[in-house]
There are 4 protein chains.
Amino acid sequence: MGPLILTLACPDRPGITARVTGFLFERGCNILDAQQFNDRAGNGGGDRFFMRVVFDPDGSTREGLRADFATLASEFGMDWTMVREDRPRRTIIMVSKFDHCLVDLLYRCRTGELPIDIVAIVSNHPREAAIRVEIGDIPFHHIPVTPDTKPAAEAQFRTLAAETDAELVVLARYMQVFSDEQSAHFAGRCINIHHSFLPGFKGARPYHQAHARGVKIIGATAHFVTADLDEGPIIHQDVERITHADSPEDLVRKGRDIERRVLAEAVRLFAQERVLMNGNRTVVFRG
Amino acid sequence: MGPLILTLACPDRPGITARVTGFLFERGCNILDAQQFNDRAGNGGGDRFFMRVVFDPDGSTREGLRADFATLASEFGMDWTMVREDRPRRTIIMVSKFDHCLVDLLYRCRTGELPIDIVAIVSNHPREAAIRVEIGDIPFHHIPVTPDTKPAAEAQFRTLAAETDAELVVLARYMQVFSDEQSAHFAGRCINIHHSFLPGFKGARPYHQAHARGVKIIGATAHFVTADLDEGPIIHQDVERITHADSPEDLVRKGRDIERRVLAEAVRLFAQERVLMNGNRTVVFRG
Amino acid sequence: MGPLILTLACPDRPGITARVTGFLFERGCNILDAQQFNDRAGNGGGDRFFMRVVFDPDGSTREGLRADFATLASEFGMDWTMVREDRPRRTIIMVSKFDHCLVDLLYRCRTGELPIDIVAIVSNHPREAAIRVEIGDIPFHHIPVTPDTKPAAEAQFRTLAAETDAELVVLARYMQVFSDEQSAHFAGRCINIHHSFLPGFKGARPYHQAHARGVKIIGATAHFVTADLDEGPIIHQDVERITHADSPEDLVRKGRDIERRVLAEAVRLFAQERVLMNGNRTVVFRG
Amino acid sequence: MGPLILTLACPDRPGITARVTGFLFERGCNILDAQQFNDRAGNGGGDRFFMRVVFDPDGSTREGLRADFATLASEFGMDWTMVREDRPRRTIIMVSKFDHCLVDLLYRCRTGELPIDIVAIVSNHPREAAIRVEIGDIPFHHIPVTPDTKPAAEAQFRTLAAETDAELVVLARYMQVFSDEQSAHFAGRCINIHHSFLPGFKGARPYHQAHARGVKIIGATAHFVTADLDEGPIIHQDVERITHADSPEDLVRKGRDIERRVLAEAVRLFAQERVLMNGNRTVVFRG
């Protein structure tokens, strides 16, 4: 078996690192990478500890390790996961009519740089309107959404996500807003790309807002979806300089580049178990 | 006489460039640099034309050229200026208790990279509290401000600005808000540095706001002061990446670097007549 | 007829701008954008003047304007072009086995952001080995190259370029080095992407060189092809931060993103007549 | 006693993290931050392990912990240090005639963001020529260097470094090249700022080289000094965009900003024990 990734978050107290690394050493596991963070700011509470460990399990099985680790985890009150590093995350991509992010994700999957397995592409528009590229044998689902059909459409999508065992939903410029219920259902496993440098320019037509305000830099933001639109925990952001000579259309063009690389990076970070939730913020353990 | 800088803004129509460059050529002036911009977006009106020309006046005097150009300018409805390139702009710097931007501006003046002449440093705090560096023979003025004395303090500052013939007022982390009257009085010649990437995190303690929101990039914004605080036309912005491990104090430290370089660049651009107002936005002709 | 783009370069002397803009005004043309640059450094000679003007020809024809302008151009010793803005440049893309740049260029063509018309894709490898995406009805040409067949292969490519009226050749990670003759033949109309921040790490396997040297930032460079490999005039460069934790393979992955956006930007700049040669350097008039 | 910082490097083998963190836990120490890196590339040998741990020693003394840890360190063949986090590193700054980096380091010391104690400023020029700012009570030493006196001058400097217990020597645009002997003497504790993005433009007048080559981005590099000039292990680098319109003098001006922030960051990283040597490269544990 290849390497495993352990992630955990718990109230801070002395000895966590020693216990976790000792646990692994006793079982012959070899640590390949380890990162930790102690949030002393304490989001309205005590300190909180976060850790990500990649290790070679040697002869141990994931099941055995998980069973053993559960005891330790319980003692420290940990939220934790232990998953195989080499297993691509089952992912659904949702799009509307802009397909630049989808195209980019598909390409990166093909080159092997994104450890995801795209189990479905979903759009609120028919395939011809939604995507203009080859998607091979990836199933496409047209789930139209109107104010009247929204509850049913969301239920249909939840069913799809369940049937495909999706671990991640990527809103790749999907232009429909999730209901509170839907947001809660996919909390912590649904990533959206917003085409502005949040918290600036929430809502619709952010590039036009940015042009009207006369900013000198634009950006894009990948964040977890929450019921509060454009307010979810931020995973990754990037920016580009613009000038007075850039029209709103230029911003849209430049923005496409930022959007696709920010979203792809956020998906990569998530799929490699590098993103841990910390209240309304994230801890991101980069390589 | 050294080179002159002509800047102009007017409603767009055919032939402006030909007329302006022809005007200069007929008088033996040699264009050293010229930039123009046609704002076709039309901020709620017709197209607007902007131009900056640096030229060697040959034997002509600035007074003669100005008198002649006035006729042409009138014909096109131009807002315009024609000034000597080598004349440092008379500048007042206002500070409160953070002096990193002041120190930086002083140093850049000394190296000759900022074409300004600092005619006064003003603080609402006593000198010992406001600045901790040598300021040589630059006059320091302590103008305290309380809610009760604010009108009188602002009047005192206007008098100082008039007496020193100040062309530019730089709020180098000056923590007092100008009244509407004061903002209007210094409209277009007062630059503020806001320690966030506007329009995100307006108001007080922006680094703490940024930390609380969990953004992954912070920035600073230099803008003209208007009555609407943190809403003036933006001149320059820059950013830096941060991570979950950065505390609010780290953001303050990293922010100091961004603030000082953004403010210094805005002052340089202004002093070189590279910044033209375009409604609530700016046209910035870089080199 | 839509806008025309005039570009010119000539020895500097007073009055060029006035004459050029006067020429256009007299013929009823309306200048939409104009940029100029006077290289006072004088690459081993006198000053040199560069200009790019976009204008609406009103009722004039391109042929008429060109005929008239030739006289003025001759008087000033100008190298010049006058072309339609809306005409896509006929372009050949050459690849070997990495297709990330090709895929990116194809996508940008489809979105309309790159004003090029891809008239052929050429590879030294068979199609199956060279590209793994749909190329629609773009002709693919397999031109194998061995030391023995190189002259013939290059002649075959020159014939193809002539038959397709190619105005631009893009080496999109094409791994064969042009002969001196071939480089000279395509001088000024062949763009290569080198996967390093030149002049660092010339030659083969630059990411491995960068890793071995322990640099903290990597980059990519788009440049005109000359007989001196990796020494042609630079059009565009960009960079990304890396850390000690990045393996050579990580650099390759991160590099792909830099390469494709640097090459695409260089192609856009060229196709919009924004790149003028200045000895072994370039003048790039951005929007 | 405040927190201690432990850094270590050794051949990799299973259990190092568990042993180190267990060692600390057994003694009641609380880990505040820990980072590790396993260099699997193996610079011409086996894997190498690097670690930095910040911990609260609780009641233990540094001396006691050091004595105990020596046994463990010996077992694993570790290069290691254990120092107080709150102790400023004793630092000598060397300058010639450019003082922008010195000024910046002095300012950052004053704001408390650089944990160094400047014990001497040394120049090969007299004080009036070398620095134009207040240095308070920091001793200034003029050590002239000519080809003939170089060995004596270097010996004089070594004596000064010994007498001041200097832990760090910063070459803040010091224009003399260390002899091989001097470089070896200060190996691993002498940081230089080179005003180019190494490995491009080694040697003299790099901004003029960069201008002549026509690059579109310039940079600066902070590196450890070795006998091979401009080839020492790189600690930090940064860059800025430039255009064809930037003269060599513009590059010098823009470069000053890059140089001072790159050098200050390298000094901060070193003083916080974040930089570990890895052959001719560095491991940099950022916060």
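Here the structure is a predicted model, which means the values were calculated and not measured.

1. Considering helix H3 (residues 100-111) of chain B
All names here are of chain B.
Moving on, step 1. Taking 1.5 Å per residue as the helical rise, H3 with its 12 residues ought to reach 16 Å, and the 17 Å between its terminal C-alpha atoms agrees with that figure.
Moving on, step 2. Across the 12 residues of H3, 9 count as buried, placing the element largely inside the fold.
Moving on, step 3. Within the span of H3, buried status applies to His 100, Cys 101, Leu 102, Val 103, Asp 104, Leu 105, Leu 106, Tyr 107 and Arg 108.
Moving on, step 4. Looking one or two residues beyond H3, the residue adopting positive phi is Gly 112, at roughly 85°.

2. Comments concerning the domain arrangement of chain A
Moving on, step 1. Taken domain by domain, chain A consists of domain 1 (4-84) and domain 2 (89-271).
Moving on, step 2. Between the C-alpha centres of domain 1 of chain A and domain 2 of chain A the distance comes to 31 Å.

3. Quick look at the pairing of strand S12 (residues 275-278) of chain D
All names here are of chain D.
Moving on, step 1. In this sheet, strand S13 (residues 281-284) lies alongside S12 in antiparallel orientation, the contact comprising 4 bridges. The residue of S13 that forms the bridge with Asn 278 is Arg 281.
Moving on, step 2. Between S12 and S13, which pair antiparallel in sequence order, lie 2 residues; one of them, Gly 279, sits at a positive phi of approximately 65°.

4. What about the pattern of salt bridges?
Moving on, step 1. Counted according to the given criterion, the structure contains 112 salt bridges over all chains.
Moving on, step 2. Across the pair Arg 241 of chain A and Asp 238 of chain B runs a salt bridge whose closest N-O atoms are separated by 3.0 Å. Here Arg 241 of chain A, found in strand S11 (residues 234-241), pairs with Asp 238 of chain B, found in strand S11 (residues 234-241), and the two come from separate chains.
Moving on, step 3. Since its relative accessible area comes to 41%, Arg 241 of chain A is described here as partly exposed.
Moving on, step 4. Between Glu 113 of chain B and Arg 256 of chain D there is a salt bridge whose closest N-O contact spans 2.6 Å. In this pair, Glu 113 of chain B sits in the loop between H3 and strand S6 (116-123) while Arg 256 of chain D sits in helix H8 (residues 248-271), so the two residues belong to two different chains. Arg 256 of chain D shares its class with Glu 113 of chain B; the two are buried.
Moving on, step 5. Each member of the salt-bridge network shares a partner with another, and the members are Asp 104, Arg 108 and Glu 113 of chain A together with Arg 256, Asp 257 and Arg 260 of chain C.

5. Details of the interface of chain D and chain C
Moving on, step 1. Between chain D and chain C, the residue contacts involve 32 residues of the former and 32 residues of the latter.
Moving on, step 2. Interface area for chain D against chain C, summed over the two sides, is near 2800 Å², with a carbon-plus-sulfur share of 57%.
Moving on, step 3. The largest share of the area that chain D buries against chain C comes from Arg 213, Lys 216 and His 244 of chain D, three residues that together contribute 26% of it.
Moving on, step 4. Inspection of the chain D/chain C interface yields 4 salt bridges.
Moving on, step 5. Taken together, chain D and chain C are joined by 18 residue pairs in polar contact (both at pLDDT 80 or more).
Moving on, step 6. Counting residues per element, the ones that place at least two in the side of chain D that touches chain C are helix H7 (206-213), strand S11 (234-241) and S13 of chain D.
Moving on, step 7. A per-element tally of the side of chain D that touches chain C places S11 of chain D first, with 7 residues.

6. Considering the pairing of strand S10 (residues 217-224) of chain D
All names here are of chain D.
Moving on, step 1. With 8 of 8 residues buried, S10 lies mostly within the body of the structure.
Moving on, step 2. On S10, burial covers both faces: Ile 217, Gly 219, Thr 221 and His 223 on one face and Ile 218, Ala 220, Ala 222 and Phe 224 on the other are all buried.
Moving on, step 3. Note that strand S9 (residues 190-194) and S10 share 4 bridges and pair antiparallel. Paired with Ile 193 across the strands is Ala 222, a residue of S10.
Moving on, step 4. Relative to S11, S10 runs antiparallel, the two sharing 7 bridges. Each residue of the ladder has a partner; that of Ile 218, found in S11, is Glu 240.

7. Topic: the relation of the copies chain B and chain A
Moving on, step 1. With an axial shift of 0.0 Å and an RMSD of 0.0 Å, the rotation relating chain B to chain A amounts to 180°. Both copies of the chain, as the preceding transformation shows, are related through a two-fold rotation axis. Closest approach to the rotation axis among the C-alpha atoms of chain B is made by Gly 200 of chain B, whose C-alpha sits 2.4 Å away.
Moving on, step 2. Comparing interface residues between copies, 100% of those in chain B also sit at the interface in chain A, which points to an isologous, same-surface contact.

8. Some thoughts on the UniProt feature "active site" (unreviewed entry) in chain A
Moving on, step 1. UniProt marks Asp 230 of chain A with the feature "active site" (unreviewed entry), using the numbering shown here.
Moving on, step 2. By the secondary structure assignment, Asp 230 of chain A is in the loop between strand S10 (217-224) and S11.
Moving on, step 3. With relative accessibility at 5%, the residue Asp 230 of chain A sits in the buried group.
Moving on, step 4. Ignoring sequence-local partners within four residues, the contact set of Asp 230 of chain A consists of Asn 192, His 194, Leu 198, Lys 202, Gly 203 and His 223 of chain A together with Arg 213 of chain B.

9. Concerning the interface of chain B and chain A
Moving on, step 1. If you look at the interface, chain B gives 32 residues, while chain A gives 32 residues.
Moving on, step 2. Considering only the surface of chain B that becomes buried against chain A, Arg 213, Lys 216 and His 244 of chain B emerge as the three largest contributors, covering 26% of it.
Moving on, step 3. Here chain B is connected to chain A by 4 salt bridges.
Moving on, step 4. Put simply, chain B and chain A have 16 residue pairs in polar contact (both at pLDDT 80 or more) between them.
Moving on, step 5. At the level of secondary structure, the elements contributing two or more residues to the side of chain B that touches chain A comprise helix H7 (206-213), S11 and strand S13 (281-284) of chain B.
Moving on, step 6. Taken together, the residues of the side of chain B that touches chain A break down into 16 nonpolar, 9 polar and 7 charged.

10. Side note on the environment of Met 78 of chain A
All names here are of chain A.
Moving on, step 1. As for its position among the elements, Met 78 is in the loop between helix H2 (62-76) and strand S4 (79-84).
Moving on, step 2. The spacing of Met 78 and Thr 146 is 68 residues in sequence and 41 Å in space, taken between C-alpha atoms.
Moving on, step 3. Not counting residues within four places of it along the chain, the set of residues in contact with Met 78 comprises Leu 8, Ala 9, Cys 10, Ile 16, Val 20, Phe 69, Leu 72 and Ala 73.

11. A few points about the state of the cysteines
Residue and element names in this part refer to chain B.
Moving on, step 1. This model, assessed by the stated rule, comprises 0 disulfides over all chains.
Moving on, step 2. The thiol sulfur of Cys 29 is not disulfide-bonded, and the nearest other cysteine sulfur, from Cys 10, lies at 19 Å.
Moving on, step 3. Residue classification places Cys 29 among the buried residues on the basis of a relative accessible area of 2%.
Moving on, step 4. You can see Cys 101 has no disulfide; the closest cysteine sulfur is in Cys 109, sitting 13 Å from it.

12. Observations concerning the packing of aromatic side chains
Moving on, step 1. This model, assessed by the stated rule, comprises 28 aromatic pairs over all chains.
Moving on, step 2. Residues Phe 178 of chain D and Phe 186 of chain D carry aromatic rings whose centres are separated by 6.2 Å and whose planes lie at 50° to one another, so their mutual orientation is tilted. Exposure class is identical for Phe 178 of chain D and Phe 186 of chain D. Each is buried.
Moving on, step 3. Of the aromatic side chains, those joined through ring pairs into one cluster are Phe 157, Tyr 174, Phe 178 and Phe 186 of chain B.
Moving on, step 4. Of note, Arg 13 of chain B hangs over the ring of Phe 76 of chain B, and the distance from its end group to the ring centre comes to 4.0 Å.
Moving on, step 5. The ring of Phe 23 of chain D carries the charged tip of Arg 27 of chain D above its face, separated from the ring centre by 3.8 Å.

Parameters and conventions
Residues numbered from 1 in each chain as written. Chains lettered and ligands numbered in written order. Predicted model: local features only at pLDDT ≥ 70, side-chain atom pairs only at ≥ 80, totals over all residues. Heavy atoms only, no water. Helix = DSSP H or I, 4+ residues; strand = E, 2+ residues; numbered from the N terminus. Expected span 1.5 Å × (residues − 1). Buried < 20%, exposed > 50% of the residue type's maximum accessible area, 1.4 Å probe, protein only. Domains from an automatic or database assignment. Pairing = 2+ DSSP bridges. Salt bridge = Lys/Arg side-chain N within 4 Å of Asp/Glu carboxyl O. Contact = heavy atoms within 4.5 Å. Buried area = accessible area lost by both parts, 1.4 Å probe. Polar contact = N/O pair within 3.5 Å; in protein donor to acceptor, adjacent residues only side chain to side chain. Least-squares fit on C-alpha atoms with pLDDT ≥ 70 in both. UniProt positions renumbered as here; feature names shortened; annotations may be inferred. Nonpolar A, V, L, I, M, F, W, Y, C, P; charged D, E, K, R; others polar. Disulfide = S-S within 2.5 Å. Phe/Tyr/Trp six-rings, centres within 6.5 Å; stacked < 30°, edge-to-face > 60°. Lys NZ or Arg CZ within 6 Å of the ring centre and 35° of its normal.

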